[in-house]
Amino acid sequence: NVFGPTKEVRRPQDEEDERKRQKQDKFSDTFFGRIAKSEYFERATIGVIMLNAIEIGWDADYSARWHKPDNLYQGPVGFIITGVFFSVYFTLEIVIRFIACRRRRSCWKDGWFVFDTTLVTFMLLETVVLPLVGTGGPLGQLSVLRLLRLLRIV
């Protein structure tokens, strides 16, 4: 056979089925497991990631044109609302995925989970801790790291 064994060629549908099977095995059949397995949950999260990228662009543009305070809660109300919304959504997403795992220790072996948890930790640090402590400076520039969540879309 000129083209080699055709049984070894993977179709995109086979890869999609494998991805769904892995997700089914990873998450339990509990309430939170059904949410974590849901395509709606995944698509909603990707949509929120895209909105967050737009908000980061809006923030950067606003900061370049007008001075915006380092403390989130001293700036325009739109940034306060969006900052808190994204922090709450992404924190809930991580908590749901963690609770939904069949084996919680295996979550820490999942590269995407560790990556997302790290980014959410930075986001909470930027949104909650730094404004309370009153620290700005180099740690106040953590919002740029949120753009890394766009990697999940790829």
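Attention in this report is confined to the structure presented alongside it. (Residues numbered from 1 in each chain as written. Predicted model: local features only at pLDDT ≥ 70, side-chain atom pairs only at ≥ 80, totals over all residues. Heavy atoms only, no water.)

Here the focus is the overall build of the chain. Assigned secondary structure in the chain consists of six helices and zero strands. The linear arrangement of helices and strands in the chain, starting from the amino end, is α-α-α-α-α-α. Within the chain, buried positions represent 34% of all 154 residues. Taking the contacts inside the chain whose residues are at least 6 apart along the sequence as the reference set, 61% of them involve residues at least 24 apart. Counting only carbon and sulfur atoms, one obtains 65% of the accessible surface of the chain, whose full area is about 10,200 Å². (Helix = DSSP H or I, 4+ residues; strand = E, 2+ residues; numbered from the N terminus. Buried < 20%, exposed > 50% of the residue type's maximum accessible area, 1.4 Å probe, protein only. Contact = heavy atoms within 4.5 Å. Areas by Shrake-Rupley, 256 points an atom, 1.4 Å probe, with all protein chains shown as cover.)

Once that is clear, we can look at the packing of helix H3 (residues 39-65) against helix H4 (residues 77-100). Where H3 meets H4, the closest approach of the two axes is 11 Å, and the angle between their N-to-C directions is 150 degrees. One way to sum up the angle between H3 and H4 is to call them roughly antiparallel. For the crossing formed where H3 meets H4, the hand is left-handed. The residues of H4 that touch H3, namely those facing Phe41, Ala44, Thr45, Val48, Ile49, Leu51, Asn52, Glu55, Trp58, Asp59 and Tyr62, are Gly78, Phe79, Thr82, Phe85, Phe86, Tyr89, Phe90, Glu93, Ile96 and Arg97. (Axes fitted to C-alpha atoms, helices over the stretch in contact; angles between N-to-C directions. Parallel < 35°, antiparallel > 145°, perpendicular 65-115°, else oblique. Left-handed = near helix turned anticlockwise from the far one by under 90°.)

As for its position among the elements, Thr121 is in helix H6 (residues 111-133). With 34 residues separating them along the chain, Thr121 and Ser87 place their C-alpha atoms 9.3 Å apart.

This next bit is on the nonpolar core. Ranked by internal contacts, the top residues of the largest apolar core, which has 16 residues, are Phe27, Ala36, Val48, Phe86, Tyr89 and Phe90. When residues of this core are traced back to their parent elements, those giving at least two are H3, H4 and H6. Element by element, the count of residues in this core is highest for H4, at six residues. (Core = buried A, V, L, I, M, F, W, Y, C linked by side-chain atoms within 4.5 Å.)

Its 23 residues place the ends of H6 31 Å apart at the C-alpha level, agreeing with the 33 Å of an ideal helix rising 1.5 Å per residue. Along its length, H6 reaches its greatest deviation from straightness, about 40 degrees, at Leu125. Among the residues making up H6, those that are buried are Phe113, Asp116, Thr117, Leu119, Val120, Met123, Glu126, Thr127, Leu130 and Pro131. The inward-facing, buried residues of H6 abut H3, H4 and helix H5 (104-107). A side-chain oxygen of the first residue of H6 lies 3.1 Å from the backbone nitrogen of Trp112; this N-cap is Asp110. Two residues or fewer after H6 comes Gly134, characterised by a positive phi angle close to 85 degrees. (Expected span 1.5 Å × (residues − 1). Bend = angle between axes of the 7 residues up to and from the residue. Polar contact = N/O pair within 3.5 Å; in protein donor to acceptor, adjacent residues only side chain to side chain.)

Interpretation in functional terms is not warranted from these geometric data alone.
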